[in-house]
Amino acid sequence: MTEHLNLSGVSHGYGDRLLLDGIGLVITAGEHVAIVGENGAGKSTLLRILAGLEAPDEGTAVSHGRVGYLAQTHGLPESFTVGAAVDASLASLRGLEAELDRLEAGLADAEDDELETYGRLQTEYQLREGYAAESRVEAALDRLGLGGLDRKRTLGSLSGGEQERVALACVLADPADILLLDEPTNHLDARGTAWLEDRLAAHRGTVVVVSHDRVLLRKVASTVIEVDAERRTVTRYGNGYDGYLREKAAERQRWVQQYHEWIDAMEAEQRQADTVTDRMGYARKRDNDKMGFDFKAGTWQKAATSKVRNAQERLRRLEASPIDRPPVPLRLAAELAVEPEVPSGASVAATESGDDSLLTASAVLVARGVAVPGRLGVTDFAARTGEKILITGPNGAGKSTLLSVLAGTLEPVEGLVQRPARIGYLQQELELPQRPTLRLLPAFAAGLGGNIDEHAEALLRLGLFRTSEFHVPVGSLSAGQQRRLALARLLLGGYGTLIVDEPTNHLAPVLVEQLEEALAGFTGTLVMVSHDRALRDWFARCAKKSDNSRTDDAGRWIRYSMDKGVLAPA
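Throughout this document, residue positions are counted from 1 along each chain, in the order its sequence is written. This being a predicted model, a pLDDT of at least 70 is required before a residue's local features are given, and a value of 80 or more before pairs of side-chain atoms are given or counted; all residues contribute to the totals for chains, interfaces and linings. As a rule here, side-chain values cover all heavy atoms of the structure and leave hydrogens and water aside.

J.: How do you make sense of the nonpolar core when you look at a structure like this?
T.: Within soluble globular proteins, side chains that are nonpolar generally end up buried alongside one another. Side-chain atoms within 4.5 Å link the members of a nonpolar core, which is a set of buried Ala, Val, Leu, Ile, Met, Phe, Trp, Tyr and Cys residues. Each residue is assigned to one of three classes by its accessible area relative to the maximum for its type, calculated with a 1.4 Å probe on protein chains only: buried under 20%, partly exposed between the two thresholds, exposed over 50%. If you look at the biggest cluster of nonpolar residues, it comprises 47 residues, and the most contacted ones within it are Val-82, Leu-90, Val-166, Leu-168, Leu-196 and Leu-200. With eight residues, the top contributor of residues to this core is helix H6 (residues 160-173). In this view, Leu-168 contacts Leu-70, Leu-144, Pro-184, Leu-188 and Leu-196; residues no more than four positions away in its chain are not counted. Grouped together as the second largest cluster of nonpolar side chains are 38 residues, Phe-444, Leu-491, Leu-515 and Cys-542 included. The helix count covers DSSP runs of H or I at least four residues long, the strand count covers runs of E at least two residues long, and both are numbered beginning at the N terminus. Contacts are assigned to residue pairs with any non-hydrogen atoms lying within 4.5 Å of each other.

Okay, here's the thing in structure tokens:
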């Protein structure tokens, strides 16, 4: 099988921050690969180098075949229309069509070489299923929740999620030999994700995907490549994502054991040298046989000196071949402290009507008759103290709009909202840093008051960042690190009510699982929107466990579905 992607001696970084150090990597034709690693380890950078969009500082990167690349953010001008974006993605195929038309017009008088060229291009066009390109685009847009989208609309008029889905449809309109996809499921609902999985699994070419979606990783990837942030290397694992998890756990266990054995051997040799040295100064009572005493003492000292020398030599050899301390993996260790709820009073929009039946003493978050034309139909909602609520539904159903209304970042055109004075809100689309040169630690502490050292200790204890990252400018953080920063401010804010929109986006899978543990132990009120199928399964397990153990209505786990702006129990 021929290689499709080959990196040799690649080193790359930004400024004084080295991400990849002398790595080598071969991905063969038809291989389906997942790239995993901590946020900020260099996964997206590696994908851009593989795509040929970024040249490494050192080494070579070679690809064989057409490359289709999807970035976390598409990068197309907002002035582009949807139709222009589709045309750009099909430019190669359209050029092939034009050349076939030109050659076909002169087939009657064509030379042998022109006939050969025509046959070769026609074969390529058929293999790429060029005749079905337009229908593929329409099918992709439909499956991604954008069916019937006006091709004349500009990308700037679409939401961020809609723009990313248009970009994904464009990449898949003329599937390349090599597909390089960076977090392709971030803006997909369950239907779109299932369709994408089937497309990628059936792709006869090479697939390389960076993703936090644990279900997709299990279904699509036969090989996992981990980018190690500490050692700046890449490591290949076989047997799919579950095989990677098992092998990774066994590898770390071996590393920890070897490190402790090395430490024990160092300490044993040092004790041996120290003990013999101490005994060399013994005060043995000398008898009347001075010559015999001196001879015995001299002989013993020679032997002891030899033992010390041998121990020191073994110690030197151990020091010359050290076993590095295994890095402490990032581990979200949040114990969510809850401050007492203080109602802020009702926020009343244009038309206040109806009764106040939803405004009960136990309801801490209430919306009555709220509506945003074109985005959210007339909706009632109530969350009581300690309830955990998950809202699911297709793209465009109005879920994020409802959360924005509940959190107070979007005023409804009509209706009433009552909320606590303090709400922790994690948006789906994070805003770009207003001060990109601000360092991570001051950005985390901004507006929180208190001592910066206390904030540093709290952030380190949370486990989402290492001390070495505290001085990185927020403008240089990856999308995943930006998400972790927002999550850290949320988790350490002491909020009694949390509203979170797609909390797993951009997070490494291991951190997602730890976030689930933290939220499971949260005693406050949680309202969450998510398309993450593994997280939805976790929610269902928690709901079942709660139903089996609950003696009252406190702490209920409730699921709602939403479609076309209408909220209903799932």
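Following the structure, the description resumes.
J.: Even after reading the chapter, I still don't get the confidence of the model for the chain, so can you show me in this structure?
T.: Any region with low pLDDT has predicted coordinates that should not be read closely. Residues at a pLDDT of 70 or more form 87% of the chain, whose mean pLDDT is 83. Ranking the helices and strands of the chain by mean pLDDT puts strand S7 (residues 206-210) first, with 96, and strand S10 (residues 343-348) last, with 47. Each residue carries a pLDDT score, the predictor's own confidence in it, on a scale running from 0 to 100. A low-confidence stretch, residues 345-359 stays under pLDDT 50, and its non-local contacts, those more than four residues away or across chains, total 38 contacts.

J.: Help me understand the side chain of Asn-395, please; the structure alone is not making it clear to me.
T.: Along the chain, Asn-395 turns up in the loop between strand S13 (388-392) and helix H11 (399-407). Leaving out residues up to four positions away in the same chain, Asn-395 has contacts with Leu-144, Arg-165, His-187, Leu-188, Asp-189 and His-531.

J.: Mind showing me how you'd approach a negative patch on the surface here?
T.: Residues Asp-109, Glu-111, Asp-112, Asp-113, Glu-114 and Glu-116 make up a contiguous surface patch of negative charge. On the secondary structure map, Glu-111 appears in the loop between helix H3 (91-105) and helix H4 (112-127). Here Glu-111 falls in the exposed class, since its relative accessible area comes to 52%. In this scheme, patches are assembled from residues that exceed 30% relative accessible area and form no salt bridge. Like charges are connected within 9 Å, while nonpolar side chains (Val, Leu, Ile, Met, Phe, Trp, Tyr) are connected within 5 Å. Here the open area of atoms and residues is found with the Shrake-Rupley method and a 1.4 Å probe, where only the protein chains shown may cover a residue. When a carboxyl oxygen of Asp or Glu is within 4 Å of a side-chain nitrogen of Lys or Arg, the pair counts as a salt bridge. Counting rule applied: Lys, Arg positive; Asp, Glu negative; His and chain ends not counted. All charge positions are set by atom: Lys at NZ, Arg at CZ, Asp at CG, Glu at CD.

J.: How should the environment of Leu-526 be read in this particular structure?
T.: Inspection of the secondary structure puts Leu-526 in strand S17 (residues 525-529). Between the C-alpha atom of Leu-526 and that of Gly-496, which follows or precedes it by 30 residues, the distance is 8.6 Å. In this structure, Leu-526 is in contact with Glu-387, Lys-388, Ile-389, Leu-498, Val-500 and Leu-519, ignoring residues within four places of it in sequence.

J.: Can you walk me through the packing of helix H5 (residues 133-143) against H6 in this structure?
T.: Here an angle of 0 to 180 degrees is reported between the N-to-C directions of two axes, which are lines fitted to C-alpha atoms, with helices fitted over the stretch in contact. Where H5 meets H6, the closest approach of the two axes is 9 Å, and the angle between their N-to-C directions is 150°. Classified by the interaxial angle, the pair formed by H5 and H6 is roughly antiparallel. Remark: the crossing between H5 and H6 carries right-handed chirality. Residues Ala-133, Arg-136, Val-137, Ala-140 and Leu-141 of H5 touch H6, and the partners they reach there are Val-166, Ala-169, Leu-172 and Ala-173. Gly falls in the polar group here, along with every residue not listed as nonpolar (Ala, Val, Leu, Ile, Met, Phe, Trp, Tyr, Cys, Pro) or charged (Asp, Glu, Lys, Arg). Looking at side-chain class alone, the contact of H5 with H6 contains eight nonpolar, no polar and one charged residues. Here the angle decides the label: under 35 degrees means roughly parallel, over 145 means roughly antiparallel, 65 to 115 means roughly perpendicular, and every other value means oblique. Throughout, a crossing is termed right-handed when the near helix is turned clockwise from the far one, and left-handed when it is turned anticlockwise from it by less than a right angle.

J.: What's the story with the pattern of salt bridges in this structure? I'm lost.
T.: Pairing between side chains of opposite charge can happen when the charged atoms of each approach one another. Tallied over the entire structure, the rule returns 28 salt bridges. With a shortest N-O distance of 2.5 Å, Asp-174 and Arg-128 are connected by a salt bridge. Of this pair, Asp-174 sits in the loop between H6 and strand S6 (178-182) while Arg-128 is found in the loop between H4 and H5, placing the two residues 46 residues apart along the sequence. On the basis of relative accessible area, Asp-174 is assigned to the buried category, the value being 7%. A relative accessible area of 10% places Arg-128 in the buried class. Each of Asp-87, Arg-94, Glu-134, Glu-138 and Arg-151 takes part in salt bridges that share partners, so that together they form one network.

J.: I tried to follow the packing of aromatic side chains on my own but got confused; where do I start?
T.: Classification of ring pairs rests on two measures: the distance between centres of Phe, Tyr or Trp rings, Trp counted by its six-membered ring, which must be within 6.5 Å, and the angle between planes, read as stacked under 30 degrees, edge-to-face over 60 and tilted in between. Per the stated rule, a full pass over the model turns up eight aromatic pairs. Ring geometry for Tyr-241 against Tyr-244: centres 5.9 Å apart, planes inclined by 35°, an arrangement best described as tilted. Of this pair, Tyr-241 and Tyr-244 both sit in helix H9 (residues 240-280), three residues apart, roughly one helical turn. The residues Tyr-241 and Tyr-244 share a single accessibility class, namely buried. One aromatic cluster is present, built from ring pairs that chain together Tyr-237, Tyr-241 and Tyr-244. Residue placement shows Lys-388 over the ring face of Trp-557; its charged tip is 5.9 Å from the ring centre. Placement of a charge over a ring requires the Lys NZ or Arg CZ to be within 6 Å of the ring centre, with the centre-to-atom vector within 35 degrees of the ring normal. Arg-484 extends its terminal NZ or CZ atom over the ring of Phe-465, reaching a point 4.5 Å from the ring centre.

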